[in-house]
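Listed below are the residues making up each chain.
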Amino acid sequence: MPFSVPYRCTLSVEIELFGQLVTAAERQQILTLEKSMTVQEVAILLGLDPEEIGLISINGVQSELEDLVPQDCRLCFFPPISGG
Amino acid sequence: MYLLRVNMKSQQVSREPVPQKYERLGGRALIARLLLEEAPPTCDALGPLNILIFAPGLLGGGGVSTAGRLSVGGKSPLTGGIKETNAGGTAGDTLPKLGVKAIIVEEQPQRDELYLLRITADTAELLPAGDLKGLGTYATSDRLQERYGPDSTVISIGQAGEYLMYGAGIAVTGERDQRSNHAARGGLGAVMGSKGLKAIVIDKPTGKSIPLADSNLFRESARIFAQKLINDPKLGKQGSQHLYGTASIVAAVNEIGSLPTRNFSSGNFENATELRGERLRELILEREGKVGTRCMPGCAIACRNSYVDDDGKPIVGTLQYETIALMGSNLGLDNLDDVARLNYLCNDFGLDTIETGAALGIALEAGLAKFGDTESILSLLYQVGDGTTLGRVIGNGAVVTGRVFGIRRVPAVLGQAMPGYDPRSLKGNGVTYATSPQGADHTAGNAFGARKEVNPLGVQGQRELSLKLQIIAAMLDSTGLCLFARPPVIADPQLMVDMVNGIYGWGWTKEDLDRFNRTVLRDEIEFNRLAGITPADHRIPEYMRYEPLAPHNAVFDVPDSDLDAVFSAL
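Cut-off values and rules
- Residues numbered from 1 in each chain as written.
- Chains lettered and ligands numbered in written order.
- Predicted model: local features only at pLDDT ≥ 70, side-chain atom pairs only at ≥ 80, totals over all residues.
- pLDDT = per-residue confidence, 0-100.
- Helix = DSSP H or I, 4+ residues; strand = E, 2+ residues; numbered from the N terminus.
- Contact = placed C-beta atoms within 7 Å.
- Pairing = 2+ DSSP bridges.
- Axes fitted to C-alpha atoms, helices over the stretch in contact; angles between N-to-C directions.
- Nonpolar A, V, L, I, M, F, W, Y, C, P; charged D, E, K, R; others polar.

1. Some remarks on the confidence of the model for chain B
Thought 1: Averaged over chain B, the pLDDT score is 97; the fraction of residues at 70 or greater is 100%.
Thought 2: Interface confidence for the predicted complex, given as ipTM, is 0.94, next to a pTM of 0.97.

Below, the structure is given as structure tokens:
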């Protein structure tokens, strides 16, 4: 019976929040996800309002709310910012 | 309104009615047209045929929030092409209130003498300024405000401008005793020095606003515009720009791998945490300095700070992102106090912190000092102010420094150093550097923070994004608006149209505004073409096409054919 023991996949995600987003959750934490999640789902899990997120990066690559969070990644949330 | 024409050879200062062809131009737009009409594009940038122009934007003097920037323009000694660089402070607000649409400085004195231009409500005259020779911009501003009143505005150059260094900028004072506003880029401080003009002193006007053609339309649109700034999530009282200043982006630029580090050899600085906007705010508040202050009267964003030392003593008027990038991580420095000290010296000598930071990065790569060694770096910078041989090399910017020390990794385009975004991992900015008539200049079209449009690491869509941003930048720079004020006018260009129509009654439409913006770029491109600049002069440095940048191992791979096609849709 190869499938008698349910296969459980956990994802470890290093999270960092920047700027005023820190008031909503801890600045740095390691999150263990029991299932595959989108960036938006993780944001809500952390207590962030997706509307207040300006920029997202996964392993340094600019990402979007609907992207899936990969295994063992670094996920950063920034408030709305602009360069100049 | 009138044009103030200042002939440094004859010492004549004359008021001229604004010719009809210039009536509907301001700031960068007016500079481009004046240069095309009055300066031979092939002229020596530091010779008598170049002209130096000071021009407020179209909205200047009207009291529109963030619209008080002063544009300064001329042929750049650094790029060999057209240059517009702008600064906050009070000049962009006071000149229109005195009826001055632009100051045009032409020719050169016959002797090696310095002058100051004094502008009052009724008069404008050149006065000897030999007593200011060798003074930095802080001492020059202090002395002239003591002489002419604390409410006067002082525009000045420091030692770098007097030495005709290509890295020299122009300082503009602000409200009360505020300093540290600089029209820094392109070496226009050297052009001012070449004219023998040490300073301009402008009396505070008695009038509260410029004449308005339709005051109801103007007041309502300006009010909505200010309210939109206040409500903007980036710019309002709870926004990053206000809370952390321009340094709010240090962490994000580092995270995406575009933060210039040790002469652009990496896009990621291991100690960037110490340079972040969050750290800047924390330090300033702990030491009882100031955050969230203004560089222009009536600015609703207020992203400026007063950076103080451990004893609460001011080090520099405002510490900004570009300086933190070019004089912090780019030099391997992880201490904001050190960056602030370097910034103060640059401001005092009248040096562009971007150009000088890039030149210092090259000097460090050449082994003149070690990355991260603050005292050695400071001593190199002191030499620029002292005008030693080595100081003159560094003060002439990145390209000259690279050439003298045999360093091939020179982060510059069209002779001008890159600002704080490595183009290998933020390719939209690379396209702007490689195509803007202004050379490597982030204010000409900054792609950082663009979401859902393009992948910063990808090639697709960069050319269209850069063009869109360059057109918007031309509008901001011609109306006197701050770069950060763009969200409301991008979302609703009619707001800008209404504010312009409210002042001038021109009956512009959004299409007229769009044509106006595009014409600015066309005029600039034409000036550069006549100056002999070709697309080949605009290329991103070759090493950036094959030396991968950590952490993404990115190279600049936007094809030349894409770069050359950017303006085909202009």
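2. Focus on the environment of Arg486(B)
Residue and element names in this part refer to chain B.
Thought 1: If you trace the backbone, Arg486 turns up in helix α18 (residues 486-491).
Thought 2: Distance in space between the C-alpha atoms of Arg486 and Ile155 is 26 Å, their sequence separation being 331 residues.
Thought 3: The contact partners of Arg486, leaving out residues within four places of it in the chain, are Ile472 and Leu476.

3. Concerning the sheet that holds strand β6 (residues 100-106) of chain B
Residues and elements named next belong to chain B.
Thought 1: One open sheet accounts for six strands, arranged β2-β1-β6-β3-β4-β5; its pairing is mixed. Only two strands of the sheet have a single neighbouring strand rather than two, namely β2 (13-17) and β5 (82-87). Taking each pair of neighbouring strands and ignoring which way they run, the sheet shows an average axis angle of 20 degrees.
Thought 2: The sheet contact formed by strand β3 (residues 52-56) and β6 spans three bridges and is antiparallel.

4. As for the interface of chain A and chain B
Thought 1: With 18 residues of chain A in contact, the opposing surface of chain B contributes 31 residues.
Thought 2: Put simply, the parts of the chain that give the side of chain A that touches chain B at least two residues each are β3 (55-58), β4 (61-63) and β5 (73-78) of chain A.
Thought 3: Partitioning the side of chain A that touches chain B into residue classes produces eight nonpolar, eight polar and two charged.

5. Structural notes on the sheet that holds strand β15 (residues 314-316) of chain B
All names here are of chain B.
Thought 1: Pairing within the open sheet is antiparallel, and its three strands lie in the order β13-β14-β15. The two strands at the open ends of the sheet, each matched to only one other strand, are β13 (290-293) and β15. Ignoring strand direction, the axes of neighbouring strands in this sheet form an average angle of 35 degrees.
Thought 2: The pairing of strand β14 (residues 304-308) with β15 spans two bridges and is classified as antiparallel. If you follow Tyr307 over to β15, its bridge partner there is Val316.

6. Topic: the pairing of strand β1 (residues 11-17) of chain A
All names here are of chain A.
Thought 1: Bridge analysis of β1 against strand β2 (residues 28-33) gives six bridges, and the strand direction is antiparallel. Across the sheet, the residue bridging to Glu16 is Gln28, located in β2.
Thought 2: Note that β1 and β5 share five bridges and pair parallel. Its bridge partner being in β5, Glu16 is matched across the sheet by Cys76.

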